[in-house]
Amino acid sequence: MEVRTLTAEEARDDIVSRDPATGREIGRVPVASSEEVARALSDARTAQNGWAKLSFRERGRVVMRARAIVLDEIEEIAALISEESGKPADEAIAMEIVPTLDLMQFFARKSAKLLKPEKIDIGQYGLMGRSSRIVYKPLGTVGIISPWNFPWAIPLGEVVMALMAGNAVVLKPSELTPMVGVKIGEVFKRAGLNDDLLQVVTGDGRTGAALVEARPDKIMFTGSVATGKRVAETAARNLTPVVLELGGKDPMIVLEDADVEMAAQAAVWGALANAGQACASVERCYVHESISEKFIARAVELVKSLRLDVGTREATDIGAMSSERQLNTVEEHIDDAVARGARILTGGRRNETLAGSFYEPTVLTDVDHTMLVMRDETFGPVLPIMTFKTEDEAIGLANDSPFGLTASVWTKDIARGRRIAEQIEAGTVMVNEVLYTHGIAQTPWGGVKQSGLGRTHGRLGLLELVTPQHIHVNRFSFIPDFWWFSYTPRASKLFRGFAQRFATGNPLQTSLLLPQMIRRFFERRP
Ligand code: TXE
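About the thresholds
- Residues numbered from 1 in each chain as written.
- Predicted model: local features only at pLDDT ≥ 70, side-chain atom pairs only at ≥ 80, totals over all residues.
- Heavy atoms only, no water.
- Near = heavy atom within 4 Å.
- Polar contact = N/O pair within 3.5 Å; in protein donor to acceptor, adjacent residues only side chain to side chain.
- Helix = DSSP H or I, 4+ residues; strand = E, 2+ residues; numbered from the N terminus.
- Nonpolar A, V, L, I, M, F, W, Y, C, P; charged D, E, K, R; others polar.
- Buried < 20%, exposed > 50% of the residue type's maximum accessible area, 1.4 Å probe, protein only.
- Phe/Tyr/Trp six-rings, centres within 6.5 Å; stacked < 30°, edge-to-face > 60°.
- Lys NZ or Arg CZ within 6 Å of the ring centre and 35° of its normal.
- 1 Å grid on protein atoms, 1.4 Å probe; cavity = no way out; pocket = protein on both sides within 12 Å on 5 of 7 lines; lining within 4 Å.
- Points joined across faces, edges and corners; volume = space filled by probe spheres on them.
- Domains from an automatic or database assignment.
- Pairing = 2+ DSSP bridges.
- Axes fitted to C-alpha atoms, helices over the stretch in contact; angles between N-to-C directions.
- Disulfide = S-S within 2.5 Å.
- Expected span 1.5 Å × (residues − 1).
- Contact = heavy atoms within 4.5 Å.

**Comments concerning the site of the ligand**
Thought 1: Inspection of the region around the ligand gives 28 residues, with Trp148, Lys172, Glu175, Leu246 and Arg325 positioned closest.
Thought 2: Side-chain polar atom of Lys172 to an oxygen atom of the ligand: 2.7 Å apart, as the coordinates give it.
Thought 3: In the model, an oxygen atom of the ligand is placed 3.1 Å from a nitrogen or oxygen of the Thr227 side chain.
Thought 4: The set of elements that each furnish at least two residues to the shell around the ligand consists of α7 (205–213), β8 (218–222), α8 (225–237) and α11 (324–339).
Thought 5: Grouping the amino acids of the shell around the ligand by side-chain chemistry returns 10 nonpolar, 11 polar and seven charged.

**Let's talk about α7**
Residues that lie three or four places apart on an α-helix share one face, since the helix turns once every 3.6 residues.
Thought 1: Those residues of α7 not exposed but buried are Thr207, Gly208, Ala210, Leu211, Val212 and Glu213.
Thought 2: Capping the start of α7, Asp204 holds a side-chain oxygen 3.0 Å from the backbone nitrogen of Arg206, two or three residues further along.
Thought 3: At the C-terminal side of α7, Arg215 shows a positive phi close to 65°.

**Quick word on the packing of aromatic side chains**
Thought 1: In the structure shown here, the tally under the stated rule is nine aromatic pairs.
Thought 2: With a centroid separation of 5.3 Å and an interplanar angle of 65°, the aromatic rings of Phe498 and Phe502 are classed as edge-to-face. The residues Phe498 and Phe502 share a single accessibility class, namely buried.
Thought 3: Seen from their ring centres, Phe521 and Phe522 are 4.9 Å apart, and the 70° between their planes marks the pair as edge-to-face.
Thought 4: For Phe521, a relative accessible area of 34% corresponds to the partly exposed category.
Thought 5: What links up through ring pairs into an aromatic cluster is the set Tyr125, Phe482, Phe498 and Phe502.
Thought 6: Against the face of Phe56 rests Arg59, its NZ or CZ located 5.0 Å from the ring centre.

**A word on the layout of surface pockets**
Thought 1: As a volume, the largest pocket reaches approximately 1000 Å³.
Thought 2: What lines the largest pocket is a set of 40 residues, among which Trp148, Gly223, Ser224, Thr227 and Arg325 lie closest to the centre.
Thought 3: Here the lining of the largest pocket is composed, by residue class, of 15 nonpolar, 15 polar and 10 charged.
Thought 4: Two domains each provide a minimum of three residues to the lining of the largest pocket, namely domain 1 (31–246 + 460–468) and domain 2 (250–440).
Thought 5: Around the second largest pocket, the lining comprises 18 residues; the ones closest to its centre are Leu127, Met128, Phe482, Leu514 and Met517.
Thought 6: A total of four residues in the lining of the second largest pocket trace back to one element, the largest contributor, which is helix α18 (residues 514–522).
Thought 7: Taken together, the residues of the lining of the second largest pocket sort by class into 13 nonpolar, three polar and two charged.

**Overview of the sheet that holds strand β16 (residues 406–410)**
Backbone hydrogen bonds are what pair the strands of a sheet, in a parallel or an antiparallel way.
Thought 1: Pairing is mixed across the open sheet formed by seven strands, whose spatial order is β12-β13-β14-β11-β10-β16-β17. Looking at strand neighbours, the two that pair on one side only are β12 (343–346) and β17 (428–431), the edges of this open sheet. For this sheet, the mean inter-axis angle between neighbouring strands, taken without regard to orientation, is 25°.
Thought 2: Note that β12 and strand β13 (residues 362–365) share three bridges and pair antiparallel. Of the residues in β13, the one forming a bridge with Ile344 is Leu364.

**Quick notes on the state of the cysteines**
Thought 1: Tallied over the entire structure, the rule returns zero disulfides.
Thought 2: Lacking any disulfide linkage, Cys279 is separated from the closest cysteine sulfur, that of Cys285, by 18 Å.
Thought 3: Taking relative accessible area as the criterion, Cys285 reaches 0% and is therefore assigned buried.

**Looking at helix α16 (residues 489–500)**
Thought 1: Its 12 residues place the ends of α16 17 Å apart at the C-alpha level, agreeing with the 16 Å of an ideal helix rising 1.5 Å per residue.
Thought 2: Buried-residue contacts for α16 involve α18.

**Observations regarding unusual backbone geometry**
Thought 1: For the bond from Phe485 to Ser486, the omega torsion is 0°, close enough to zero to count as cis.
Thought 2: For Ser486, the location among the structural elements is in the loop between β20 (466–474) and α16.
Thought 3: Look at Arg215: it is not a glycine, yet its phi comes out positive at around 65°.
Thought 4: Positionally, Arg215 belongs in the loop between α7 and β8.
Thought 5: Even without glycine at this site, Leu239 takes up a positive phi of about 55°.
Thought 6: Along the polypeptide, Leu239 turns up in the loop between α8 and β9 (242–245).

Structure, rendered in C-alpha cells:
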C-alpha cells in the first residue's frame, strides 16, 4: 500500500497568506509535516478521554465562552475574514459570523436533547421482557479539512458540533485562508478549551493528505469533487468514515406566477454574494419565457448598481475573488460561453481599475447546457439565465447536472412549489429562497450525486459525529430463550410456528403459540 509522508524537509517553506484585493501579506504559517500531524492527532486522542466524560452542559459552557469572545471581537474577526478571503466585511458578519453565533448557542444548549438515548420499539420482543436503547457515543477524533470560501463558518460549525458530541478535533484550514483557521483555534483556547482538544494544523493539500493518512476516527471534508474523491480513496484504505461536502451547480427555477421583483433580487444576491464563491450559489437560472424579459431587465439593473471594491471599504457589495486561479476559471467559462453564442448583458471581464483579483459581476443570456458555465462549477460572480416553456422542461433542466446540493423554486403557489421541489435532485430545495440555509444550523446540509456524502448541521449532522451504540436488556433472564439448544422435535415444531405466527408481528397470532411455548419451557434440558 502506498503511504505518502510529508517530511519536515519537504514542509520547510512557510505559507504566506495574502489579501487578494491588495496583495498585502497578512501572515505566515508553517506547513505541518506528516509527523507533526500524527503527533497532533495522538495528543488529541489522549485529551479526548477526559473531554468525553464531561456533561453536555460543561462542554456547552466552553462553547458559550468562545461565543462571547467572538461577539466581543466581531469587527476584528470580520476584518480578518475580509482581508484573507476578499469578501466584504459586512458580508463576513451577515453570512459567516451571525450564523455561527446562532449555531454555537444552538448546539451548546440543544446537543444533550439531540443526542438523548432513544428507546427502540422492538415489537413482540418487548412482550418477552426485552428492551433496546440507542446511546450516542463520541467517535474520538475528528479531522476537519476546510476550504477558503467560508473560512470561518464552515470549519467553526463543524468544530463546535464535533466538540459538543464529545470529540477532539484536528483542523486543517485552507492554505488560502490559514489565519482565519488559526483564529478559530485561538478563540477556543482563550475560552479555556484544553489546547490538545482543538489543534489547528496549517499547510496545503499535502498536510490535508497527511491528516487523512493519520487515521482520525472521521474526516469532515469540504472542497472540490476531485480532492474529495482522493480523500475518500485514502480514507477507505483505513475504513475511516468521511463526510464530503463538495461542489454545486445550483439551479433556480422562476415560474410564471413568481413575484418577479423578489425573484430578480434573490437571483442577483444568490449568484453574486461572496463573489459567487459559494457551493450553494445560484449557478443556473431558469426563467419562464413569459416573464423573462422583465426578470432579465431587472436583474441587469440590479447588478449594474452593485459596488465592486476592497472588502474592508464601506458599502462594498462585491469584493475580490479569493485567488487568481479562481478568477481564471471564471474567465475560461465566460470565454467558452461567448464562443458558443452566449450574450453578456453586463460585466464579463476582469476589473482593471482595481489592482487585485476583481471580476465584474456578470449577467449572461442565450446560454445552454453545452457551455461550461452551465455544466461545471464556475464559482464566480456570474448569473447565467436560460428560459423555459413548461414546468417539466424546467425540472428536466434543473436535474440535468452531475451535482445536487441546493436548488430553488419561485412561485406564489406554495403547494406547487413543494411538489416541484420534491422532483428536484438536491440535498436542499428552497421555495422562494436562495442560498442561505447553511446559515440555519438546525437544518441538515449536504448534497446528492457528485455534491457529496453525509450531512453537516442539524441533528443529522450531529449524528455524523457520534457512533450509535445499541444496548439490549433482558429482564426475563430466568427463562431460557426458546431458540437456545437443544433443537428437540418440540423446538423444531415451535420454530416453524414462530415463522408462521410470531413473525407476522401480530400478538394475537403469537398467542396461539402459547401452549407450545409453555411445553418448550418445561422441556427438560440436558
Ligand atoms: O479546493 P480543494 P480548491 C470547488 C470550486 C473551486 C475548486 C477548487 O469549484 O474552484 O473546488 O478549489 C485540502 N488531501 N470548491 O483547489 O483542493 C486543501 O488544502 C486532503 C467548492 O481550493 O478541494 C483545502 O484545505 N486534503 C467548495 C481543502 O482540501 C487536501 C469549496 C479544499 O481544497 C488535498 C472550495 C488532499 N490530497 C472549493 N488536497 C465548496 N463545496 O464549497 C487539497 N486538500
